[in-house]
Amino acid sequence: MNSARIGWRALLVVGVVVAAVLAAMLVVSAHTHAPGQGDDSTTVGTRQPSSAPVHLTFGVWGSKREIATYRGIAASYHRANPTATITLRVYPSSSALASAVKAGKVPSVYLLSRDDLGGVMRAKGNVSVQDLMSDRGVNLGDDYSRGSLAAFTANDDLQCMPYTASPMVIYFNTDLVDVSRMRARGIDAPSPMDPSFTIDQFRAAARFAAHRRGHHAAGVAIEPSLTALAPFVLSGGGNLFDDDQNPTRLAVGDGSASDALRQTLEILRDPRLTLSDAQLRQRSALQWFERGRVGMIAGFRDLVPQLRAVKGLHFDVLPMPILGSAATVGSFTGMCLARHQRRDLGGAADFLTYLVGRRAMTRVAEIGSLQPADIPVAYSKAFTQPDARPAHAAVFTSTLRNIQLTPLGVPWQRLDQAVGPQLRQLMNVPVLDDLDKRLTAIDQRSKAVLSAPAASSGGARGGSKHSARSGLKPRRGR
């Protein structure tokens with residue numbers, strides 16, 4: 001599936017930003033920053049925040065630690081800019097915040113999953129940020145990946161600032177998938193920093209984990225969902241949908257997609273390598289992984305703190321397996337500005353500039369669960385955290401370029417409900433009689449969901465609304 005393109009206007013603004021930065025460097029001999037930005041090297045102080053009083057609401061969602069960090073960042077901004085009053089509004093999820101926005105209760109600045117962007121745009125709940133950020137010297141060209149910018153670009157404009165961006169990766173138990181032991185036995189073992197993690201290596205790792213004497217483990221457990229299966233389809237050269245911009249049905253039964261799923265299911269359906277139905281009724285795949293009984297699962301960055309908290313669990317990460325070319329899906333969030341706040345729009349844009357600045361994003365990276373869209377921060381020790389697991393956290397950043405965006409506005413929850421039972425059958429029925437026929441039926445079943453008016457929104461999308469954590473309830477936006 002082709003990545004969404006940033007329009008000519010976005011590329012023009014990037015060029016203007018670069019020119020502005022170079023001009024500022026010639027004029028300013030020392031590091032000069034707008035009030036409240038401190039030594040924030042992400043932005044250049046081309047425009048100082050207004051000294052007029054401004055009253056803003058800041059809408060967020062997430063874990064307790066994430067909320068506490070957002071609260072601290074808002075307090076830091078207020079201390080540096082006393083005329084700016086920031087009131088934090090906490091929502092249970094991105095979808096709950098999006099529902100409030102659609103109802104007209106729009107925070108001045110708010111955190112949004114990319115999945116909810118299409119609905120918010122239809123409700124006219126946001127204002128494009130491209131010119132506002134360019135005026136404030138935010139370096140869109142160098143500090144953000146093309147994919148992160150494309151994820152929030154629609155109608156030829158940047159709708160929200162990319163805030164977090166995480167690719168789906170493979171988490172593996174290093175005691176079960178013991179790379180050194182595999183190589184000593186002449187097995188083609190994967191390497192976390194080798195981008196060529198092939199489907200054959202994936203199969204070999206699953207077999208090795210499942211046959212570790214005394215562990216009684218499963219080699220791999222991948223959730224039977226569109227999100228979790230998407231990287232395999234995309235890597236095999238297939239498409240998830242029949243159209244990149246305005247999909248009317250799934251396309252998992254089409255040529256390359258069908259072939260990719262056939263290869264993948266040879267592994268994921270093998271009872272010698274996977275968890276049984278009885279085991280999954282007893283515990284989720286993630287819980288089995290935490291108990292050291294599953295070699296590999298798929299997930300996003302937000303799994304890290306939970307897995308770190310499991311005593312005795314040794315884990316690392318790998319890219320998603322390759323069937324043809326490297327591909328994965330992503331979890332994206334953005335910071336958006338409310339359209340209604342004309343009087344305080346400048347003040348809200350100043351606060352947004354601070355939120356995506358280097359100092360604030362470093363604090364976000366230190367939480368461990370969030371991957372900053374700001375690339376320099378994602379490569380810094382604040383995010384890679386070399387003294388903690390996973391040892392190869394750089395995999396999260398190095399595989400950002402493999403994310404393939406899918407259409408904006410897809411109603412993923414309804415789509416998963418519609419085709420979920422059929423996807424589970426692909427994994428679980430004792431005899432898989434006619435795969436092509438089953439996949440075609442899934443494509444046909446998706447038409448009722450994707451042809452509904454609310455689903456027909458152009459744009460680009462990256463990954464899934466919630467982490468494709470095997471057996472986990474969804475929490476984070478994709």
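Before reading further, recall that the structure is shown in the block above.
Everything numeric in this text was worked out from a predicted model, so none of it was measured. (Residues numbered from 1 in each chain as written. Predicted model: local features only at pLDDT ≥ 70, side-chain atom pairs only at ≥ 80, totals over all residues. Heavy atoms only, no water.)

Colleague: Quick question: what am I supposed to make of the pattern of salt bridges here?
Modeller: Think of it this way: side chains of opposite charge can pair up when their charged atoms draw near. Overall, the coordinates contain 11 salt bridges when judged by the stated rule. A salt bridge links Arg 249 to Asp 254, with the nearest nitrogen and oxygen atoms 3.4 Å apart. A relative accessible area of 35% places Asp 254 in the partly exposed class. For the salt bridge of Arg 262 with Asp 436, the shortest nitrogen-to-oxygen distance reads 3.1 Å. In this pair, Arg 262 is assigned in helix H11 (residues 255-268) and Asp 436 in helix H21 (residues 435-450), connecting sequence segments 174 residues apart. Exposure remark for Arg 262: the relative accessible area of 36% places this residue in the partly exposed category. Accessibility expressed as a relative area gives 36% for Asp 436, which makes it partly exposed. (Salt bridge = Lys/Arg side-chain N within 4 Å of Asp/Glu carboxyl O. Buried < 20%, exposed > 50% of the residue type's maximum accessible area, 1.4 Å probe, protein only. Helix = DSSP H or I, 4+ residues; strand = E, 2+ residues; numbered from the N terminus.)

Colleague: Is there a simple way to think about unusual backbone geometry in this case?
Modeller: Most peptide bonds take the trans form, and the phi angle of most residues other than glycine is negative. Each neighbour pair has its own omega, and for Arg 389 with Pro 390 the value is 0°, a cis peptide bond. With a phi angle near 55°, Asn 155 is a residue other than glycine that sits in the positive phi range. Relative to the assigned elements, Asn 155 resides in the loop between strand S4 (153-154) and strand S5 (157-158).

Colleague: Would you mind going over the packing of aromatic side chains with me for this structure?
Modeller: Centre distance and the angle of the planes are the two values used to describe a pair of aromatic rings. This structure, assessed with the given rule, holds 11 aromatic pairs. Between Tyr 77 and Tyr 354, the ring centres sit 5.1 Å apart and the planes meet at 55°, which makes this aromatic pair tilted. Residue Tyr 77 is found in helix H2 (residues 64-80), and its partner Tyr 354 is found in helix H15 (residues 345-355); the two are separated by 277 residues along the sequence. Judged by relative accessible area, Tyr 77 falls into the buried class, the value being 3%. Through pairs of rings, three or more aromatic residues link up here, namely Phe 58, Tyr 70, Tyr 77, Tyr 163, Phe 351 and Tyr 354. Taking NZ or CZ as reference, Arg 283 lies 5.1 Å from the ring centre of Trp 288, over its face. Lying over the aromatic face of Phe 396, Arg 301 brings its terminal NZ or CZ to 5.1 Å of the ring centre. (Phe/Tyr/Trp six-rings, centres within 6.5 Å; stacked < 30°, edge-to-face > 60°. Lys NZ or Arg CZ within 6 Å of the ring centre and 35° of its normal.)

Colleague: Help me out: how do you make sense of the side chain of Thr 333 in this one?
Modeller: Note that Thr 333 resides in strand S11 (residues 330-337). Given the relative accessible area of 2%, Thr 333 is considered buried. Within the structure, Thr 333 has its side chain in polar contact with the side chain of Thr 164 (distance 2.5 Å). (Polar contact = N/O pair within 3.5 Å; in protein donor to acceptor, adjacent residues only side chain to side chain.)

Colleague: What should I look at first to understand the nonpolar core in this one?
Modeller: Most often, soluble globular proteins have nonpolar side chains that are buried together. Residues Phe 58, Tyr 70, Met 161, Tyr 171, Leu 337 and Phe 351 are the most contacted members of the largest nonpolar core, which totals 90 residues. Per-element accounting of this core gives the leading share, six residues, to H15. Within the second largest apolar cluster, 59 residues are counted, among which are Phe 202, Ala 205, Leu 265 and Ala 298. (Core = buried A, V, L, I, M, F, W, Y, C linked by side-chain atoms within 4.5 Å.)

Colleague: For this particular structure, what's the right way to read the sheet that holds strand S7 (residues 169-173)?
Modeller: The strands that make up a sheet pair up through hydrogen bonds in the backbone, lying either parallel or antiparallel. In space, the four strands of this open sheet follow the order S8-S9-S7-S10, with mixed pairing throughout. Each end of this open sheet is capped by a strand with a single partner; those strands are strand S8 (218-220) and strand S10 (315-318). Direction aside, neighbouring strands of the sheet carry axes that sit 30° apart on average. As defined by bridge partners, S7 adjoins strand S9 (residues 294-299) across four bridges and the pair is classed as antiparallel. Each residue of the ladder has a partner; that of Phe 172, found in S9, is Met 296. Along the sheet, helix H9 (residues 199-210) contacts S7, S8 and S9; its crossing angle with S8, the most-contacted strand, is approximately 160°. (Pairing = 2+ DSSP bridges. Axes fitted to C-alpha atoms, helices over the stretch in contact; angles between N-to-C directions. Contact = heavy atoms within 4.5 Å.)

Colleague: Looking at this structure, I do not really get the packing of H2 against H15. What am I missing?
Modeller: To characterise two packed helices, one gives the angle between the axes of the helices and the distance between these axes. Orientation of H2 relative to H15, taken along the N-to-C sense of each, is 120°, at an axis distance of 11 Å. In terms of orientation, H2 and H15 fall into the oblique class. Read as a crossing pair, H2 and H15 show a hand that is right-handed. Here Ile 73, Ala 74, Ser 76 and Tyr 77 of H2 come into contact with H15, specifically with Gly 347, Asp 350, Phe 351, Tyr 354 and Leu 355. A breakdown of the residues in the contact of H2 with H15 according to their chemical character gives six nonpolar, two polar and one charged. (Parallel < 35°, antiparallel > 145°, perpendicular 65-115°, else oblique. Left-handed = near helix turned anticlockwise from the far one by under 90°. Nonpolar A, V, L, I, M, F, W, Y, C, P; charged D, E, K, R; others polar.)

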